[in-house]
Amino acid sequence: MTFPVDSVRPMTHGSPRFVVDLRDPAGPGSADSVTGDSMEALKVLDDEQEWSAFSRPDAARPGCWESNVMIEGMHCAACALTVEDALSSIPGVVSAEVSAGSQRAKVVWETQSVVPSRWMQAVRDSGYRAVPANDAFARERRRVESRKALWRLMVAGLCMMQVMMYALPAYVATPGDLTPEMEHLLRWASWVLTLPVILFSCSPFFANAWRDIVHRRVSMDLPVALGMLITFVMSTAGTFNPDGIFGREVYFDSLTMFVFFLLAGRWFELRLRDRTAGALEALMNRLPDSVARQISDGEFERVPIRRLKKGDVIQVRPGEAFPADGVVVRGQTSVDESLLTGESRPLARAEGDEVISGSHNLAAVVLARVERVGDETRFAQIVSLMESASTTKPQLAKLADTIAKPFLIGVLIAAALSCALWWSTDPERALMVAVSVLVVTCPCALSLATPAAMLSAAGALARRGVLVRRLDAFEALAAVDTVMFDKTGTLTRDAMVLGTTQVAEGVDPVQALAMAAALAQHSLHPASRALLAAAQQHGLLGPWRVSDLTEVSGRGLTARLTLASDAAQVAELRLGSAEHCGVQQSQSNALQVFLSDKQRWLATFELKEDVRPDAVATIAALKARGLQVHLLSGDASDAARRVARAVGIDDFKGQCSPQDKLDFLRQAQENGHKIAVVGDGLNDGPILAGAHASFAFGQAVPLAQAQADFLVSGSRLADVEVAIGLSKRTLMVVKQNLWWAAAYNAICVPLAVAGMLPAWLAGIGMASSSLLVVANALRLSRAQPMNKEN
């Protein structure tokens, strides 16, 4: 089937994403970055119609909006604290949280007191740049900055190799091999080759250090820039005046070497950070800027997705994403929902099927009717949760951030004291010892230890369709010793399934099910849906035609059935309860549906709850981890017992009210247990909120209202066990990172003060410390494959 895909009128309105060009030629952090043009561009965001592109109303605070923005130019925890202070100083900003790990900020502000351009300008005045999280130019700026960083790295590497070649004779020559003139010439050659490194490769360090001095604060770039400057000035003095106080030796080789390794470490760290935050980045950029909307004459016009409304018919081509939740009205295709539900396989969608915002059309052009747009879509709720999680700070990260600035001040003091200690003995060595102390001490590894690991784990779960509301939930989940399950909608699916079938003598069970399904297809009762699904599974629909159908609500159906292949075969049948069918109720506690004609009982269909196919394996895996597993259900005790036995749970309790569940939870917590609760998210709000860690399970969960820490979008119960296992590995990685960062500083700082750590080796140590922390955290993102739903 084809559609007029070429009759699309051009779009004449702006894109739904923030596309005002905030690119500054000087780049983030430079003194020239705040220009009149960029200030005017920021004021565009003061239009209330633009707020929805990067903000949403704060449900907890009337009159306030919550904005999620990216902060460009940050390198360490001290930078994040500086941005937080700048934002918090603005009247009307209620709260500000900045994460150095994700380089994002969450700002809550009062609409009556402040406008977005005001607090964004405060960030710029502090030397950084705040841009909307879905800024259309943000990725381009990062790509340009990454390319510049690579050029700086290559220039530093090339010059380093040449300088090392000129420095080598001084190391290997015996007395008398080098004449003073030759040695002086080699120094001049090294000085010339170091100039590009200082003027080009080191320019970001000097720019950021100057920004810190102007604003009277300290960040990681200040001690690094001081170390570079001291080394270059001292070596330059030795080159111009070989007989002076610093003329005994020059250190151009050490300078170029530690600059190269430092730039290499930052470049790789940047790439690794982008990978750990890739799930959120990929998700937020999944929607198209515009879509083809059908107009009254049947043609299509290109409009921003922000202008879509319920009832619009849109055309989605292969390779495009669905911009809103809707229903297919023409055509059939397959869609990719992997980033939204964790389902890795393409899913078939035909006329009448629902499609969700953010899913990709893979196969053919389809028309869809819009049902939900904007914040009402599940896609928008998922993005909101992931944005919120990316800016939260676990307790361990808050502690590390708190000591970052005092640590840096301590570094400057330690460098000054080291220089003073060595000055009377050897002024030249005193300065190089100070340089080593300035370069080797790095709080970045300490501040990245926790958020890098937790962001990486959150990204791994997001690819499985498990959303993390707050990062510190990993700490709580890793400590649980008991898992408490709800039954309906959690261990079981919402629908019933056909269990056993009993028939009267002489009645074919297959024909009985076919006749029952013929009646059931005209009812929306859950029991009728179960019989219809069983008949469809066995291909039994079609042989019987139904007429004179009547339905008694809550009791059953009555109709005349005629065999399609033989009109002479007619039967008047009843399907429903025992009373409706005129038969005697059996003693079974299971839900039963009866089929009868005017003369006698024909069949009894016993329905059972549909236990999730991976429930048994999940419960067994949790027990293998040494966890206690409980089942609490509001259904009858017999129903709870059947499901508990089916999945392998020994401790269960039925007929539990929400208060009974909460009392059970509190009693277990008083006994010292750490509880994780798994519910459907619809009626388990109190117990989910009271647990140490909680999961809301099922796609029917209203994400904006769910009280859970983890939201399982897919249909696999195994994701609960995967999340628990990943949380334990995450805490292990966090501890490894913290121990490494602490041990690194504890060992290297004394060595630097004692003059046993040369500057080039200090640069390698500084670069590798942060790189190892991020690389170790990245192992978590590779730990979990994407879901393959059953």
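All of the points below concern the structure found in this document.

**As for the side chain of His580**
At step 1: Here His580 shows up in helix H21 (residues 578-581).
At step 2: Overall, the relative accessible area of 8% leaves His580 in the buried class.
At step 3: Among the polar contacts listed, one links the side chain of His580 to the side chain of Thr558, at a separation of 3.3 Å.
At step 4: Ignoring sequence-local partners within four residues, the contact set of His580 consists of Val552, Arg555, Gly556, Leu557, Thr558, Arg574 and Leu575.

**Re the sheet that holds strand E27 (residues 693-697)**
At step 1: Overall, mixed pairing links the 7 strands, which are arranged E16-E28-E27-E26-E17-E24-E25 in an open sheet. Each of the sheet's edge strands pairs with one partner strand only, and the pair in question is strand E16 (466-468) and strand E25 (651-653). Taken over all neighbouring pairs, the strand axes of this sheet differ in orientation by 20° on average, direction set aside.
At step 2: Here strand E17 (residues 482-485) pairs with strand E26 (residues 675-679) via 4 bridges, running parallel. Along E26, the bridge assignment pairs Val483 with Ala676.
At step 3: Sheet strands touched by helix H23 (residues 637-647): strand E24 (628-632) and E25. Its angle to E25, the strand with the most contacts, is close to 155°.

**A closer look at the packing of helix H8 (residues 221-240) against helix H15 (residues 427-440)**
At step 1: Running from amino to carboxyl end, H8 crosses H15 at an angle of 155°, the nearest separation of the two axes being 8 Å. With respect to H15, the element H8 is oriented roughly antiparallel. Between H8 and H15 lies a crossing of left-handed hand. Packed against H8, whose contacting residues are Pro223, Leu226, Gly227, Ile230, Thr231 and Met234, the element H15 presents Glu428, Leu431, Met432, Val435 and Leu438 at the interface.
At step 2: When its residues are assigned to classes, the contact of H8 with H15 shows 8 nonpolar, 2 polar and 1 charged.

**Observations regarding the pairing of E27**
At step 1: The buried fraction of E27 amounts to 5 of the 5 residues, a majority that puts the element mostly inside the structure.
At step 2: Because side chains alternate across E27, one face comprises the buried residues Ala693, Phe695 and Phe697, and the other comprises Ser694 and Ala696, equally buried.
At step 3: Both E26 and E27 contribute to a ladder of 4 bridges, which runs parallel. The residue of E27 that forms the bridge with Ala676 is Ala693.

**Some remarks on the environment of Leu541**
At step 1: By secondary structure assignment, the location of Leu541 is in the loop between helix H20 (526-537) and strand E19 (544-552).
At step 2: Looking at Leu541, the relative accessible area reads 34%, which means it is partly exposed.
At step 3: In this structure, the C-alpha to C-alpha distance between Leu541 and Ala514, residues 27 residues apart in sequence, is 6.3 Å.

**Side note on unusual backbone geometry**
At step 1: Positive phi outside glycine occurs at Asp548, with the angle close to 55°.
At step 2: Mapped onto the elements, Asp548 comes out in strand E19.
At step 3: Given a relative accessible area of 57%, Asp548 falls into the exposed group.

**Here we look at the pattern of salt bridges**
At step 1: Under the defined criterion, the tally for this structure stands at 16 salt bridges.
At step 2: The partner of Lys309 in a salt bridge is Asp312, and the shortest N-O contact between them spans 3.7 Å.
At step 3: A salt bridge links Arg560 to Glu572; the shortest N-O distance between them is 3.1 Å. Note that Arg560 is positioned in strand E20 (residues 556-563) and Glu572 in strand E21 (residues 566-576), a separation of 12 residues in sequence.
At step 4: The network of salt bridges with common partners includes Arg293, Glu301, Lys309 and Asp312.

**Points about the nonpolar core**
At step 1: With 51 residues, the main nonpolar core has Phe205, Met228 and Val259 as its most contacted residues.
At step 2: With 10 residues, the single largest contributor to this core is H15.
At step 3: When sequence neighbours within four positions are dropped, the list of residues in contact with Val259 reads Ala156, Val197, Ser201, Cys202 and Met228.
At step 4: Met454, Ala458, Val468 and Leu471 belong to the second-largest nonpolar core, a separate cluster that totals 47 residues.

**What to know about the sheet that holds strand E12 (residues 347-349)**
At step 1: One open sheet accounts for 3 strands, arranged E12-E11-E14; its pairing is antiparallel. At either end of the open sheet lies a strand with only one pairing partner, and these are E12 and strand E14 (360-361).

**Some remarks on the packing of helix H6 (residues 180-201) against helix H7 (residues 203-214)**
At step 1: Across the interface, H6 lies against H7 with an axial gap of 5 Å and an inter-helix angle of 50°. It follows from the interaxial angle that H6 and H7 lie oblique. Between H6 and H7, the residues in contact are Ile198, Leu199, Phe200 and Ser201 and Ser203, Pro204, Phe205 and Phe206, respectively.
At step 2: A class-by-class count of the residues in the contact of H6 with H7 yields 6 nonpolar, 2 polar and no charged.

What counts, and at which threshold
- All residue numbers refer to positions counted from 1 along the written sequence of the respective chain.
- Given that this is a predicted model, residues contribute local features only at a pLDDT of at least 70 and side-chain atom pairs are listed and counted only at 80 or more, while totals for whole chains, interfaces and linings are drawn from all residues.
- Where side-chain values are given, they derive from all heavy atoms of the structure, hydrogens and water being excluded.
- Comment: elements are numbered from the N terminus, with helices defined as DSSP H or I runs of at least four residues and strands as E runs of at least two.
- Under the scheme applied here, a residue whose accessible area is under 20% of the maximum for its type counts as buried, over 50% as exposed, and between as partly exposed, the area being computed with a 1.4 Å probe on protein chains only.
- Any pair of N or O atoms that falls within 3.5 Å is considered a polar contact. Within protein, one atom must be able to donate a hydrogen and the other to accept it, and sequence-neighbouring residues count only if both atoms are side-chain atoms.
- Residues are treated as being in contact if the distance between any of their heavy atoms lies within 4.5 Å.
- Should DSSP find at least two bridges between two strands, the strands are taken to pair.
- For helices, the axis comes from a line fit to the C-alpha atoms of the stretch in contact; other axes are also lines fit to C-alpha atoms, and the angle between any two N-to-C directions lies between 0 and 180 degrees.
- Convention used here: angles under 35 degrees read as roughly parallel, angles over 145 as roughly antiparallel, angles from 65 to 115 as roughly perpendicular, and any remaining angle as oblique.
- If you view the pair so one helix is near and one far, a crossing is left-handed when the near helix is turned anticlockwise from the far one by less than a right angle, and right-handed when it is turned clockwise.
- Note that Gly is not counted as nonpolar here; it falls among the polar residues with everything else outside the nonpolar set of Ala, Val, Leu, Ile, Met, Phe, Trp, Tyr, Cys and Pro and the charged set of Asp, Glu, Lys and Arg.
- Any carboxyl oxygen of Asp or Glu within 4 Å of a side-chain nitrogen of Lys or Arg constitutes a salt bridge here.
- For this analysis, a nonpolar core means a set of buried residues of the types Ala, Val, Leu, Ile, Met, Phe, Trp, Tyr and Cys, connected via side-chain atoms within 4.5 Å.

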